[in-house]
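Structural description and commentary
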Amino acid sequence: MLSLSQNFGLSWYIAKIKFAIKMGSLGDSTIPVVDLSPLAGKYEDLNDAVFGQLVEKVGQAFNEVGFVYIVNHGVDMDKIEHIHKLSKGFFTMSAATKNKYKKPNAAINWHGYSGPGDEFLNEAEKNSTELREMFDAWGFEQFDEKHFPTEVPGYKDAFDAVRPECNNVGKKLLRLLGKYLHLDDDELFVKAHSFMNNPTKIRTHSQFRTLHYYPMEPNDPSIPPNAIRCGEHADWGTITLLFQDMVGGLEVKRLDGSWIEATPIEGSILVNIAQLMELWSAGIFRATPHRVRILDVERIRKTARQSFIYFINPDGDYVVKPVVKCPPGDEEYLERTPIVAYDHYLRLMADATLRY
Ligand SMILES: O=C(O)CCC(=O)C(=O)O
Ligand SMILES: [Fe+2]
C-alpha cells in the first residue's frame, strides 16, 4: 500500500520548496483572520458582488499558508459549546462504556469511538505515541440513535443541530475557492458536495469528529518524551472546519519545515485545506501538515484538550482531478491518477489503523 507521504507529502514538499525558492519566498508565517460578515445570511441568497475582496484574501491565505481563522461565520457557538459539554460527558465515562461504541473494524467502519492507540495520523512514524480518543460521526444519514451513546442523551441531535450552519459556511468557502481559481462554473466544488443541499443523499462522506486529548498524570514516566497528542498529517478531504477549545497545542508546518502555533481565538473557526482540494486546485491551495503537541506546561498541570471538527469531504463517488492548469513546478499533479473520493478515504483509513 502506498503510504500517505509517498502519495502526497514528500513529493508535494519537494515541488513546493523548489517553487518557493524559485519565487524567493518560503510562504507567509502567520494564519490570517478573515471576517466573513459580508457573506452573512443563507448561501442561496448571496449574490456575486458580496464575495468581492474576500475571494483574494481567502484564496491567497489558502495558497500561502493553507489555514485561515474565520470570524462572524454564522455558526452558533453555543451549539458548539453544547457539543463540547456532551463530549466531555462521554469521554469521562469508563473505558467499558466507551468501548460499547467502538468502531467494529476501524479500517472499514468509520463511525463510532476510537480509543487511545487505535488510529495514528503521524505519516512518517507509525509507532509514535499519540494520546487521544475520539468519537466520529461519519456518513450521517446511515446512522440513527442506536449508533450514538445512549448514556449521552441528545448527542446525535447536537450534531444535527450544527450541520445546517456548518454546511452554509462550508458552501460559502467552496464558492470563494471556485472564484479564486476562476472556474467556468464557480459552484463546481459546491456541486461535488451534493449532500449539503440534500442531507438524505447516500453518497455523503463528510464527517464530524469530537476529540478528547485526555489529561496526563503530572510527570508520568510512562509517557515518552516524543509523545504527541495528534501526529503530523494533512487532512484528507476538501476543507476542514476546526473548533478548538482555548487550551492550545495545535501547530502548522511552514514550507521551510518550521512550525507555527495555531493559537486559539475565541469564537473563530480555523479552516484548512485538505488533500483532495489540493489535488483539485493543482497545488494552488495547500493541504498543510499540522499536529497537536503536548505543551510543556501540560505535562505538569494535567489539562484535557477538546476539539470538534467538521471534515467536509466530496460525495463518495466523486472523481477528483485538477480543474485548473498546474502552476510552474506543480506539473506532478497532472501525473496523478484521478482519485475516487471514497477510495481515497478507504486507503487512508486503512493506513491510519495499521501499525508497522
Ligand atoms: O484537535 C485538533 O486541534 C486537530 C486535530 C486534527 O488535526 C485532526 O483530527 O485531523
Ligand atoms: Fe487534521
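Here, the structure is the one placed above.
In what follows, the accompanying structure is described. None of these values were measured; they are calculated from a predicted model. (Residues numbered from 1 in each chain as written. Chains lettered and ligands numbered in written order. Predicted model: local features only at pLDDT ≥ 70, side-chain atom pairs only at ≥ 80, totals over all residues. Heavy atoms only, no water.)

Looking at the sheet that holds strand E11 (residues 290-292)
- In spatial order, the strands read E6-E11-E8-E9; together these four strands make up an open sheet with antiparallel pairing. For this open sheet the edge positions go to strand E6 (230-233) and strand E9 (259-261), each flanked by a neighbour on one side alone. With strand direction ignored, the average angle separating the axes of adjacent strands in the sheet is 20°.
- Pairing geometry for strand E8 (residues 250-253) and E11, over three bridges, is antiparallel. Note that in E11 the partner of Val-252 across the bridge is His-290. (Pairing = 2+ DSSP bridges. Helix = DSSP H or I, 4+ residues; strand = E, 2+ residues; numbered from the N terminus. Axes fitted to C-alpha atoms, helices over the stretch in contact; angles between N-to-C directions.)

Concerning the pattern of salt bridges
- For the structure shown, the criterion picks out 26 salt bridges.
- Where Lys-302 meets Glu-217, a salt bridge forms, and the shortest distance between an N and an O atom there is 3.1 Å. Of this pair, Lys-302 sits in the loop between helix H8 (298-301) and strand E12 (305-312) while Glu-217 sits in the loop between strand E5 (207-213) and E6, and the two are 85 residues apart along the sequence.
- In this structure Glu-217 comes out as partly exposed when scored by relative accessible area, which is 46%.
- Taking the shortest distance from any N to any O, the salt bridge between Glu-251 and Arg-291 comes out at 2.7 Å. (Salt bridge = Lys/Arg side-chain N within 4 Å of Asp/Glu carboxyl O. Buried < 20%, exposed > 50% of the residue type's maximum accessible area, 1.4 Å probe, protein only.)

With respect to helix H5 (residues 155-180)
- Given a rise of 1.5 Å per residue, 26 residues ought to cover 38 Å, and the 37 Å separating the end C-alpha atoms of H5 matches this to within 8%.
- Taken as a whole, H5 carries its principal kink of about 35° at Arg-163; the proline Pro-164 stands between one and four residues after it.
- Burial within H5 is extensive, with 22 of its 26 residues counted as buried.
- His-182 occupies a position one or two residues after H5 and carries a positive phi of about 55°. (Expected span 1.5 Å × (residues − 1). Bend = angle between axes of the 7 residues up to and from the residue.)

A few points about the pairing of E12
- Within E12, eight of the eight residues are buried, leaving the element largely enclosed by the surrounding structure.
- Here E12 shows no split at all, with Arg-305, Ser-307, Ile-309 and Phe-311 on one side and Gln-306, Phe-308, Tyr-310 and Ile-312 on the other all buried.
- With six bridges connecting them, strand E7 (residues 239-244) and E12 associate as antiparallel partners. Following the sheet pairing, Phe-243 is matched in E12 by Phe-308.

A closer look at the sheet that holds strand E1 (residues 33-35)
- Strands sit in the order E1-E2-E10-E7-E12-E5-E4-E3 across an open sheet of eight strands; the sheet is mixed. Unpaired on one side and paired on the other, E1 and strand E3 (112-114) mark the two borders of the sheet. In this sheet, adjacent strand axes meet at a mean angle of 25° when their direction is disregarded.
- Helix H3 (residues 77-91) rests against E3, strand E4 (133-138), E5, E7 and E12 of the sheet, and its axis sits at about 120° to E12. (Contact = heavy atoms within 4.5 Å.)

Some details on the state of the cysteines
- According to the stated counting rule, one finds zero disulfides in the structure shown.
- Here Cys-230 stays unpaired: no disulfide links it, and the sulfur of Cys-166, its closest cysteine neighbor, is 19 Å away. (Disulfide = S-S within 2.5 Å.)

Things to note about the packing of H3 against H5
- Contact geometry for H3 and H5: axes closest at 10 Å, N-to-C directions at 155°. It follows that H3 is roughly antiparallel to H5 by the angle criterion. Relative to H5, the crossing made by H3 is left-handed. Contact residues: H3 offers Lys-79, Ile-80, His-82, Ile-83, Leu-86 and Ser-87, while H5 offers Tyr-155, Ala-158, Phe-159, Ala-161, Val-162 and Glu-165.
- Here the residues of the contact of H3 with H5 sort into eight nonpolar, two polar and two charged. (Parallel < 35°, antiparallel > 145°, perpendicular 65-115°, else oblique. Left-handed = near helix turned anticlockwise from the far one by under 90°. Nonpolar A, V, L, I, M, F, W, Y, C, P; charged D, E, K, R; others polar.)

Here's the deal with the site of ligand 1
- In the vicinity of ligand 1 there are 13 residues, among which Tyr-213, His-233, His-290, Arg-305 and Ser-307 approach most closely.
- Between an oxygen atom of ligand 1 and a side-chain N or O atom of Asp-235, the distance comes to 3.2 Å.
- Side-chain polar atom of Ser-307 to an oxygen atom of ligand 1: 2.7 Å apart, as the coordinates give it.
- Among the elements of the structure, E5, E11 and E12 are those that each provide at least two residues to the shell around ligand 1. (Near = heavy atom within 4 Å. Polar contact = N/O pair within 3.5 Å; in protein donor to acceptor, adjacent residues only side chain to side chain.)

A word on unusual backbone geometry
- The backbone of His-182 sits at a positive phi, close to 55°, despite the residue not being glycine.
- One can find His-182 in the loop between H5 and helix H6 (188-191).
- His-182 sits in the exposed class, given a relative accessible area of 70%.
- The phi angle at Asn-219 is positive, at roughly 55°, despite the residue not being glycine.
- Note on placement: Asn-219 falls in the loop between E5 and E6.
- Asn-219 sits in the exposed class, given a relative accessible area of 57%.

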